[in-house]
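# Descriptive structure summary
Spelled out from the first residue to the last, the chains are:
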Amino acid sequence: MSTITLKNLVKRYDDGFEAVKGISLDIADGEFMILVGPSGCGKSTLLRMIVGLEDITDGELQIDGKRVNEMAPRDRNLSMVFQNYALYPHLTVYENIAFPLRLNKNSVPKDEIDRRVRQAADMLDLNEHLQRKPGNLSGGQRQRVAMGRAIVRDADAFLFDEPLSNLDAKLRGQMRTQIAQLQRKLGTTSIYVTHDQTEAMTLGDRVAVLKRGLLQQVASPRELYEQPVNLFVAGFIGSPSMNFLPAHPVDGKLRTPLGDIPALEHQLKAAEGRDIVLIGVRPEHFEDNKLVDEGVRSKGWTFKADVSHTEWLGNEQYGYISYEPDPKVSGLLNSLAQDLDADELVPMVVTSLEATSRIRGGQQAELWMDVRKLHVFDAESGENLTRDAEEGARLTAEAAEERAFEIKRAQQEVSA
Ligand SMILES: Nc1ncnc2c1ncn2[C@@H]1O[C@H](COP(=O)(O)OP(=O)(O)OP(=O)(O)O)[C@@H](O)[C@H]1O
Ligand SMILES: [Mg+2]
């Protein structure tokens, strides 16, 4: 059990490229921390610096409050699972899992090795495969063997670098659940790098969002989703992405390509004195006006729009509305698209409507927007001007409480 503390960590590679530009992060004992961000933002570099595979250019790395910058990887007592889990093909599953324990000869007695391998195999449901070779296993089974090899040691922390990215969607889902349960049972501090939205949102106690070697925000998944600090975090977290529209404050309303939105007091205040802002609305905060409860309808805004096409997905459907882009914000939106690894942000609003809605493409439709959920962003810096930091902190504190309860329950199950 360990805390891991990053103090202004910097990584400059030999060619002069600065991949990590001063990142500070406190990871609590037993915490499950997720690192997310677009390709090339420095996630793997950071993980490799923590585990000791990459030198630290500047700053300090502490494990349990002690500086470990100069410590060799094997002395840091951290266990890492890589994306391409290299298993030894000539060894059985049993021997693959036992491998790290046999490395330091004599220190772990034989029957202790056996006990730990079987315990890991139990947790990972590998008991019937212990005598098989990795080559004959399925992708998910191999991934579990790699996981077994990581947890068999009494490591102070687990570091995962996109461990599930080689698996198909269904297996990923299963493995995700297993990792979540395993981490709760073991209560071991974990840092997990992923591209996958679902993994980030479901596994993490907290999620750290990175952009070009810089930390943008670290918070519980709900705080990130509901109270993002800026345009980048708002656009990166959530799928489909939050919609961003140019807006001008005019006579107590926000004039947008969709019409004049009767914004709330605090939203108008945020936009006050600016010629133009960007507003952000998530797809699910739109609805077919017909399907909105009478009591709720007055809390939002009903408007008419030309829906260009719809996509029906069974449990919901997406309705698309194109609009005329505003050149005043195209610079910011283009650079946002680049940061997000997207080709370009198309001037199109995505709405998520109930599956029963009869709205179809090529018609004018009456839609409803939940104005309460609207965010206002600065059109130059991208800062979220409507962020409620107090509410955000409350969401993260709530998540920590829930998590503590879940860990307690999982560990009671283990000891029972
Ligand atoms: N050995 C190296 N020498 C120079 N630059 C490097 C080296 N390794 C990585 N980089 C650069 O550092 C940046 C961060 O790389 P890193 O592998 O940490 O990104 P990442 O966030 O893990 O991306 P991905 O999601 O694609 O795995 C990239 O721009 C990469 O080109
Ligand atoms: Mg990487």
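Scroll up to find the structure.
My aim in this report is to walk through the structure given alongside it, one point at a time.

Definitions and cut-offs
Residues numbered from 1 in each chain as written. Chains lettered and ligands numbered in written order. Predicted model: local features only at pLDDT ≥ 70, side-chain atom pairs only at ≥ 80, totals over all residues. Heavy atoms only, no water. Helix = DSSP H or I, 4+ residues; strand = E, 2+ residues; numbered from the N terminus. Buried < 20%, exposed > 50% of the residue type's maximum accessible area, 1.4 Å probe, protein only. Areas by Shrake-Rupley, 256 points an atom, 1.4 Å probe, with all protein chains shown as cover. Near = heavy atom within 4 Å. Polar contact = N/O pair within 3.5 Å; in protein donor to acceptor, adjacent residues only side chain to side chain. Nonpolar A, V, L, I, M, F, W, Y, C, P; charged D, E, K, R; others polar. 1 Å grid on protein atoms, 1.4 Å probe; cavity = no way out; pocket = protein on both sides within 12 Å on 5 of 7 lines; lining within 4 Å. Points joined across faces, edges and corners; volume = space filled by probe spheres on them. Expected span 1.5 Å × (residues − 1). Arc of directions from axis to C-beta. Contact = heavy atoms within 4.5 Å.

The number of helices and strands found in the chain is 13 helices and 21 strands. By its C-alpha atoms, the chain is 80 × 45 × 40 Å across when sized along the principal axes. Across the 416 residues that make up the chain, the buried fraction comes to 51%. Approximately 20,000 Å² of the chain is accessible, and the part contributed by carbon and sulfur atoms is 46%.

Turning to the site of ligand 1, a few remarks are in order. If you check the shell around ligand 1, you find 13 residues, and the closest are Ser39, Gly40, Lys43, Ser44 and Thr45. One nitrogen or oxygen atom from the side chain of threonine 45 is found 2.5 Å from an oxygen atom belonging to ligand 1. Residue histidine 195 places a side-chain N or O atom 3.4 Å away from an oxygen atom belonging to ligand 1. With three residues, helix H1 (residues 43-51) is the largest single contributor of residues to the shell around ligand 1. Looking at the shell around ligand 1 residue by residue, the classes come out as four nonpolar, six polar and three charged.

Take empty space enclosed by the protein next. Applying the stated criterion to the full structure yields two cavities of 30 Å³ or more. When its volume is computed, the largest cavity comes out at roughly 40 Å³. In terms of lining residues, the largest cavity is bounded by Met147, Ile151, Phe158, Phe160, Ile179, Leu182, Gln183 and Leu186. Mapped onto the lining of the largest cavity, the elements with two or more residues apiece are helix H5 (139-151), strand S7 (157-161) and helix H6 (169-186). Here the lining of the largest cavity gets four residues from one element, more than from any other, and that element is H6. The class makeup of the residues in the lining of the largest cavity is seven nonpolar, one polar and no charged. There is about 30 Å³ of room inside the second largest cavity. Here the lining of the second largest cavity is composed, by residue class, of four nonpolar, two polar and one charged.

To continue, consider the layout of surface pockets. Estimated volume of the largest pocket: approximately 830 Å³. Lining the largest pocket are 26 residues, with Leu78, Ser79, Pro100, Leu103 and Arg153 positioned closest to its centre. Elements with a contribution of two residues or more to the lining of the largest pocket: helix H2 (73-76), strand S6 (78-81), helix H3 (93-103) and H5. Tallied by class, the residues present in the lining of the largest pocket amount to 17 nonpolar, four polar and five charged. Estimates place the volume of the second largest pocket at around 700 Å³. Along the wall of the second largest pocket there are 33 residues; nearest its centre are Ser241, Met242, Glu344, Leu345 and Val346. Elements with a minimum of two residues in the lining of the second largest pocket: helix H9 (231-236), strand S11 (243-250), helix H12 (327-339) and strand S19 (348-354).

The next subject is helix H4 (residues 110-123). Taking 1.5 Å as the rise per residue, H4 with 14 residues should run 20 Å; its terminal C-alpha atoms sit 20 Å apart, in good agreement. Every buried residue belonging to H4 is among Ile113, Arg116, Val117, Ala120 and Ala121, and all of these are buried. An end-on view of H4 places all buried positions within 135 degrees of arc, on one side of the element. Facing away from the buried surface of H4 by more than 90 degrees, the exposed residues are Asp111 and Asp122. Looking at the buried side of H4, the elements it contacts are H3 and H5. One or two residues past the end of H4 sits aspartate 125, with phi positive at roughly 60 degrees.

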